Amino acid sequence: MKRWAFVTGADRGVGFSLVKGLLERGYDVFAGQYAAAGDELERLEENSGGRLRRVPLDIGDGDSVSQALKSVAAVTDRLDILINNGAILGDMQATIEDELDYEELDKVFRVNALGALRMSNGLIGPILRSGSKLIVNISSEAGSIGSCWRTGWYAYCMSKAALNMQSHLIHNQIAPQGGKVMVLHPGHVQTYMQGKLDTEGKLTPDESAGHILALVDKRLDPGYTGEGFTLIDYEGNTLPW
Ligand SMILES: NC(=O)c1ccc[n+]([C@@H]2O[C@H](COP(=O)([O-])OP(=O)(O)OC[C@H]3O[C@@H](n4cnc5c(N)ncnc54)[C@H](OP(=O)(O)O)[C@@H]3O)[C@@H](O)[C@H]2O)c1
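Computed from a predicted model, the values in this text were never measured in an experiment.

What the chain contains, in helices and strands, is six helices and eight strands. Element order for the chain, N to C, with α for helix and β for strand: β-α-β-α-β-α-β-α-β-α-β-α-β-β. Expected size for 241 residues packed as a compact globule is a radius of gyration near 18 Å; at 17 Å, the chain falls within 12% of this value. Taken along the three principal axes of its C-alpha coordinates, the chain extends 55 × 40 × 35 Å. In the chain, which comprises 241 residues, the share counted as buried stands at 42%. The long-range fraction of contacts in the chain, counting pairs at least 24 apart against all pairs at least 6 apart in sequence, stands at 67%.

Right, dumping it as structure tokens:
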């Protein structure tokens, strides 16, 4: 039987590498494409033997999400894994003593927190009908209130903290039905999230995705014995909420 996965923000970075890794594991993959033309993603689709489907998707836009959900429904009524990966950073400088950009804060929340919620909400039926029933929310150490050290990054940190709470609420609802939620920090990764390649990152996108998918494999192992529902990093270490 086919196994299906959906990755948001799959144009590049960790999302693109997650798509590659899922294809290697035999999944049929929907890749949410935000940018107009993702050459690499297009090439990957061409070479996937029909197992990769690019889906135009702005998770911050209700109509775009509805269209993407229709694309899924047209081919499958089950979705084994949803990976909510797409996100934006927002301002990293302003502190409480500066003028904060509320329009930008609004946008980052709409994408990072509400975007993931829209996707999980819209796909919960197919997810719970599937074999794996797994939602993976890519969060960040920046969303951990317990280990907060920053004085800025308001939009990003607050939106990821909201994503963490959202993950817990979903877990509470679907765990009794066999549903699974993972919420994790992918490591400091060399991506273009800051608008230019972050060469300080410790991991390449492929390395980060490799770690994440190894944790997914572990979570989906029938012999998995959970240690409670926690925020984890890419190595599986628990982080404070
Ligand atoms: N890089 C790190 O060190 C790091 C650390 C902690 C957590 N994370 C998390 O890891 C995940 C992946 O980030 P990344 O580092 O791979 O950054 P990235 O390369 O910027 O990837 C983010 C992806 O999301 C897409 N995206 C932006 N706005 C979107 C929208 N409205 N709807 C759908 N997709 C949208 C981006 O498209 P465009 O490229 O076209 O803008 C891009 O493909 C994010 O959730 C991020 O918060 C990253």
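And the narrative resumes.
Attention shifts here to the packing of helix α4 (residues 102–129) against helix α5 (residues 154–174). The interhelical angle for the contact between α4 and α5, taken along N-to-C directions, is 20°, at an axis separation of 8 Å. Here α4 is positioned roughly parallel relative to α5, judged by the angle of their axes. Judged by the sense of rotation from one axis to the other, the crossing of α4 with α5 is right-handed. Along the contact surface, α4 presents Glu 104, Leu 105, Val 108, Phe 109, Asn 112, Ala 113, Ala 116, Leu 117, Ser 120 and Leu 128, while α5 presents Tyr 154, Ala 155, Tyr 156, Ser 159, Lys 160, Ala 162, Leu 163, Gln 166, Ile 170 and Ile 174. Each residue belonging to the contact of α4 with α5 can be placed in one class, and the counts come to 14 nonpolar, four polar and two charged.

Taken in spatial order, the eight strands of this open sheet run β3-β2-β1-β4-β5-β6-β7-β8, and their pairing is mixed. Where the open sheet ends on each side, the last strands, each with one partner, are β3 (52–56) and β8 (238–239). Summarising the sheet, strand β4 (residues 81–84) and strand β5 (residues 134–138) pair through four bridges and their orientation is parallel. Counterpart to Ile 83 in the pairing with β5 is Val 136. Packed on one face of the sheet, helix α3 (residues 62–73) meets β1 (4–7), β2 (28–33) and β3 and runs near 155° to β3. In this fold helix α6 (residues 205–220) packs onto β4, β5 and β6 (180–185), with an angle of close to 155° to the strand it touches most, β6.

The full set close to the ligand counts 31 residues, and Gly 9, Gly 13, Ala 35, Gly 86 and Ala 87 are the nearest of them. Taken together, the elements giving at least two residues each to the shell around the ligand come down to α1 (13–24) and α4. Among the residues forming the shell around the ligand, the class breakdown is 14 nonpolar, 14 polar and three charged.

Turning next to the nonpolar core. Among the nonpolar cores identified, the biggest contains 60 residues, and Val 7, Val 19 and Val 29 are the most heavily contacted of them. Top element by residues in this core is α4. It accounts for seven residues.

This paragraph deals with α3. Between its terminal C-alpha atoms α3 stretches 16 Å, which fits the 16 Å expected from twelve residues at 1.5 Å a residue. Of the positions making up α3, those classed as buried are Val 65, Ala 68, Leu 69 and Val 72. All buried residues of α3 project into a common sector of 100° when viewed along the axis, lining one side. With respect to the buried face of α3, the exposed residues turned more than 90 degrees away are Asp 63, Ser 66 and Lys 70.

For the rest of this paragraph, the subject is the environment of Arg 51. Its place among the elements puts Arg 51 in the loop between α2 (39–46) and β3. Owing to 16 C-beta atoms within 10 Å, Arg 51 belongs among the partly exposed residues under this scheme. Put simply, Arg 51 and Phe 30 are 21 residues apart on the chain and 8.4 Å apart in space, counted from C-alpha to C-alpha. Apart from residues lying up to four places away in sequence, Arg 51 is in contact with Leu 23, Asp 28 and Val 29.

This part is about unusual backbone geometry. Trans is the prevailing form of peptide bonds, just as negative phi is the prevailing case for residues other than glycine. Its identity is not glycine, yet Lys 133 carries a phi of approximately 55°, on the positive side. If you trace the backbone, Lys 133 turns up in the loop between α4 and β5. Phi angles above zero are rare outside glycine, and Trp 153 is one such case at about 60°. Assignment of secondary structure puts Trp 153 in the loop between β5 and α5.

Calculation criteria
Residues numbered from 1 in each chain as written. Predicted model: local features only at pLDDT ≥ 70, side-chain atom pairs only at ≥ 80, totals over all residues. Helix = DSSP H or I, 4+ residues; strand = E, 2+ residues; numbered from the N terminus. Rg over C-alpha atoms; globule rule 2.2 N^0.38 Å. Buried ≥ 20, exposed ≤ 12 C-beta atoms within 10 Å, placed from the backbone. Contact = placed C-beta atoms within 7 Å. Axes fitted to C-alpha atoms, helices over the stretch in contact; angles between N-to-C directions. Parallel < 35°, antiparallel > 145°, perpendicular 65-115°, else oblique. Left-handed = near helix turned anticlockwise from the far one by under 90°. Nonpolar A, V, L, I, M, F, W, Y, C, P; charged D, E, K, R; others polar. Pairing = 2+ DSSP bridges. Near = placed C-beta within 6 Å. Core = buried A, V, L, I, M, F, W, Y, C linked by C-beta atoms within 7 Å. Expected span 1.5 Å × (residues − 1). Arc of directions from axis to C-beta.

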